[in-house]
Amino acid sequence: MIDVYYWPTPNGHKITIFLEEAELDYRIKPINIGQGDQFESAFLAISPNNKMPAIVDHSPNDGGEPISVFESGAILEYLADKTQRFLPTSDVRARFNVLQWLYWQMGGLGPMLGQNHHFNRYAPEKIPYAIERYVKETTRLYNVLNRQLEDHEFIAGDYSIADMACYPWIVPHEAQQQRLEDFPALKRWFDALGERPAIQRAYKHADDYRMPQQMTDAMRQNLFGQTDTKPSENPTSL
Ligand SMILES: N[C@@H](CCC(=O)N[C@@H](CS)C(=O)NCC(=O)O)C(=O)O
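Conventions we followed
- Residues numbered from 1 in each chain as written.
- Predicted model: local features only at pLDDT ≥ 70, side-chain atom pairs only at ≥ 80, totals over all residues.
- Heavy atoms only, no water.
- Helix = DSSP H or I, 4+ residues; strand = E, 2+ residues; numbered from the N terminus.
- Rg over C-alpha atoms; globule rule 2.2 N^0.38 Å.
- Buried < 20%, exposed > 50% of the residue type's maximum accessible area, 1.4 Å probe, protein only.
- Contact = heavy atoms within 4.5 Å.
- Areas by Shrake-Rupley, 256 points an atom, 1.4 Å probe, with all protein chains shown as cover.
- Lys, Arg positive; Asp, Glu negative; His and termini not counted.
- Charge placed at Lys NZ, Arg CZ, Asp CG, Glu CD.
- Phe/Tyr/Trp six-rings, centres within 6.5 Å; stacked < 30°, edge-to-face > 60°.

Engineer: How would you summarise the overall build of the protein if you had to cite specific residues and measurements?
Structural biologist: Helix and strand counts for the protein come out as nine helices and four strands. Along the protein, from the amino end to the carboxyl end, the secondary structure elements read β-α-β-α-β-β-α-α-α-α-α-α-α. What you see for the protein is a C-alpha radius of gyration of 18 Å, in line with the 18 Å of a compact globule of 238 residues. C-alpha extents for the protein along the principal axes are approximately 55 × 50 × 30 Å. Evaluated residue by residue, the protein yields a buried proportion of 52% over its 238 residues. In the protein, once contacts between residues fewer than 6 apart in sequence are set aside, the share between residues at least 24 apart is 64%. Carbon and sulfur atoms make up 49% of the accessible area of the protein, which amounts to about 12000 Å² in all. Of the charged side chains in the protein, 23 are positive and 32 negative; the average position of the first set lies 4 Å away from that of the second.

This is the structure:
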């Protein structure tokens, strides 16, 4: 059994996608990041960076004590190693082809699109320079992915953890001010992945854990207070 510390964000969806694709037994431990659950000490013991997702695998392959992993890229790699699926094991070229795209997602696509979301949707003031910077960077990254997908069915060889890592970040393309029609190969890949039953099952979890549409001040403080303690309970720390 695997416990998944989860909230329905792009990084959270990556993990439920893998677990559904591999049909592993798992249970969701919701971490309501608007409410500040990420600052609870029991969660910090698993995920010291106070961010979800994280997992605890209660039956690791070595038969030993439970293993906990934080950082979505590391979790995907762990699960791929555990199941020997969605990441080549012995072919070094194929393995690192997947890993280079996984780390491209972790170091580029995710953080940059996260800033796009922040300045477009959440920032209390609209800062044109910041919005333009991250929308343009999003477009550049979409073009990188589009070019890769022009002559590849999936991002890196067979369907892999690289696809699982990138897909959830393309789902909110409209909010990121992107038109998928401008990226035909990316659109073809995106539509094909959206048909996968495992991805559809993974996204169903989101229905159970919706954030309210309107962000309250306390939610804002918990999400963007930039402290490592629960800021909504200590507003003077802001
Ligand atoms: N690099 C991390 C990023 C995780 C991340 O940014 N999680 C966000 C939600 S998508 C979070 O937990 N935010 C809560 C906070 O910053 O307090 C990963 O890929 O796991």
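Engineer: Break down the packing of aromatic side chains for me, with residues and values.
Structural biologist: The tally for this structure, following the rule as stated, stands at 13 aromatic pairs. Arranged with centres 5.8 Å apart and planes meeting at 40°, the rings of tyrosine 5 and phenylalanine 43 form a pair that is tilted. You can see tyrosine 5 sitting in strand 1 (residues 2–6) and its partner phenylalanine 43 sitting in helix 2 (residues 41–44), a full 38 residues away along the chain. Overall, the relative accessible area of 14% leaves tyrosine 5 in the buried class. Residue classification places phenylalanine 43 among the buried residues on the basis of a relative accessible area of 3%.

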